[in-house]
Amino acid sequence: MTTLEITGGEVLRPDTTVERADVLVDQDAGTILEIGSDLGGTADETLDATDSLVTPGFVNGHTHVAMALLRGYADDKPLEAWLREDIWPAEGAMTPEDIRAGAELGILEMIKGGTTAFADMYFEVPEIVAAVEKSGVRAVLGHGIVTVGKDDAAAREDAAESLAVAEEFDGAADGRISTVFAPHSLTTVDSTYLEEFVPKARDAGVPVHYHANETEDEVAPIVDEHGVRPLEYAAEHGLLESEDFVAHGVHVDDREIELLAEAGTSVIHCPASNMKLASGMAPVQRLLDAGVTVGLGTDGAASNNDLSMLDEARDAAMLGKLAASDASAVAAGSVVEMLTAGSADALGLESGRIEPGAPADFAVIDLEKPHLVPAHDLVSHLAYAAQAGDVRHTICDGAVLMSDREVLTIDEPRVIERARERAAALSDRLEE
Ligand SMILES: N[C@@H](CCSC[C@H]1O[C@@H](n2cnc3c(=O)[nH]cnc32)[C@H](O)[C@@H]1O)C(=O)O
Ligand SMILES: [Zn+2]
């Protein structure tokens, strides 16, 4: 057995207490062996965590990682116009190589910010698989289906690809990849295709991930056309199972919150994207009070515009209070829970908690920073004050992905250079 010891840090435990401890990891199994003091100091590899906070690796519950290539490409528009006028045409011009370059850039940024797992919905999924394999992170990948504006053959092909991709890549990257069936949203995929393909996904044991109740404009057409709220419509189409997770859930009424809680379907809250696209304020405290599992996601870098989960945590706290008109809503402990175990549970991952037997996924945060002094409450610091650039080490599946801010699995300058070149060539093509 090869072991790794993370020494001398303050360790965040699953009950959101913090204790001074060392953490011993079985690198072959990729799991945590022990948490305690004086663990022997005989590990094969040691990582210093003095003056640092050892937390579970952050889990980005909803993103489109390759959209890192479209960061800053189109801003300051509402969802519908932004997607139709700018983003979808740009995506139509993206090549597999662009997707690979964007995915590597996004993953690099996530590793540098302490994120060890993410859920993704995009196209050219084999390219994203390759980037995940190489970089060492975990991912829950899905091929996003859009059927509006397509003829029947093209729509069915897109849906079939989502299912095929989910079946092909489940368990890839030494088990670090799992998969979902990914209809883009309840308004961009016609009900015919949900009726045909969702049962097939169930038969294959594949969970479903989709955007829901993101904007008012997305709710109204479903109510008009089907006479029910979107999540009632989702339930009628077999899309509310306990392994499923929906992105956003901004405009949900009491009945829909109850449906989510009863079904055990999780919600991934994306506060920065919801603010930037002026989509609205998700009722996060009400979801939590109802017993819904809530995780956090950045959404794509084109609507955020970064992939920092620490930014997302702070945004979730701020927006959650504003939405509830209550400063005690979405408190630091709840935010830290969403950032780690909440997102992990939503995605069906066992990570998100530092305990024996759990996956060895960590972010180690340097506390020797002016904005992290004094240390009255490290959970508060994690929710409100820590930043991506404070992350010293990132560990996933027992492997050190970043040590003292040096990324070990992918070549940082090369990834940045390639993304720059690819993005420039893409915008040249779009201007022609
Ligand atoms: N196969 C589809 C691609 C769907 S991937 C998922 C899509 O979600 C889009 N997306 C990104 N952010 C958001 C958001 O906030 N709400 C809804 N869709 C988004 C993203 O641009 C991407 O096109 C096709 O043929 O177009
Ligand atoms: Zn999204």
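Residues numbered from 1 in each chain as written. Chains lettered and ligands numbered in written order. Predicted model: local features only at pLDDT ≥ 70, side-chain atom pairs only at ≥ 80, totals over all residues. Heavy atoms only, no water.

A.B. asks: How do you make sense of the layout of surface pockets when you look at a structure like this?
C.D. replies: Here the idea is plain: a probe the size of a water molecule rolls over the atoms and shows the empty space left. Taken as a whole, the largest pocket holds about 610 Å³ of empty space. Considering the residues around the largest pocket, the lining is formed by 36 residues, among which W88, E91, G144, V146 and H184 are closest to the centre. Breaking the lining of the largest pocket down by element, the ones donating at least two residues are helix 1 (79-92), strand 7 (115-122), strand 8 (138-145), helix 4 (152-169) and helix 6 (216-226). Taken together, the residues of the lining of the largest pocket break down into twelve nonpolar, 13 polar and eleven charged. Counted as a void, the second largest pocket has a volume near 180 Å³. Lining of the second largest pocket is provided by 16 residues; of these, R138, G175, L349, E350 and P359 occupy positions nearest its centre. Its residues assigned to classes, the lining of the second largest pocket shows four nonpolar, seven polar and five charged. Summarising the domain contributions, the lining of the second largest pocket has at least three residues from each of domain 1 (3-56 + 352-407) and domain 2 (58-347). (1 Å grid on protein atoms, 1.4 Å probe; cavity = no way out; pocket = protein on both sides within 12 Å on 5 of 7 lines; lining within 4 Å. Points joined across faces, edges and corners; volume = space filled by probe spheres on them. Helix = DSSP H or I, 4+ residues; strand = E, 2+ residues; numbered from the N terminus. Nonpolar A, V, L, I, M, F, W, Y, C, P; charged D, E, K, R; others polar. Domains from an automatic or database assignment.)

A.B. asks: Hey, could you run me through the side chain of N304 in this one?
C.D. replies: On the secondary structure map, N304 appears in the loop between strand 14 (294-296) and helix 11 (309-324). Of the residues examined, N304 reaches a relative accessible area of 14% and is grouped as buried. A polar contact of 2.8 Å, which involves the side chain of N304, links it to the backbone oxygen of T298. Within polar-contact distance, the side chain of N304 engages the side chain of E312 at 3.0 Å. When sequence neighbours within four positions are dropped, the list of residues in contact with N304 reads A272, K276, T298 and E312. (Buried < 20%, exposed > 50% of the residue type's maximum accessible area, 1.4 Å probe, protein only. Polar contact = N/O pair within 3.5 Å; in protein donor to acceptor, adjacent residues only side chain to side chain. Contact = heavy atoms within 4.5 Å.)

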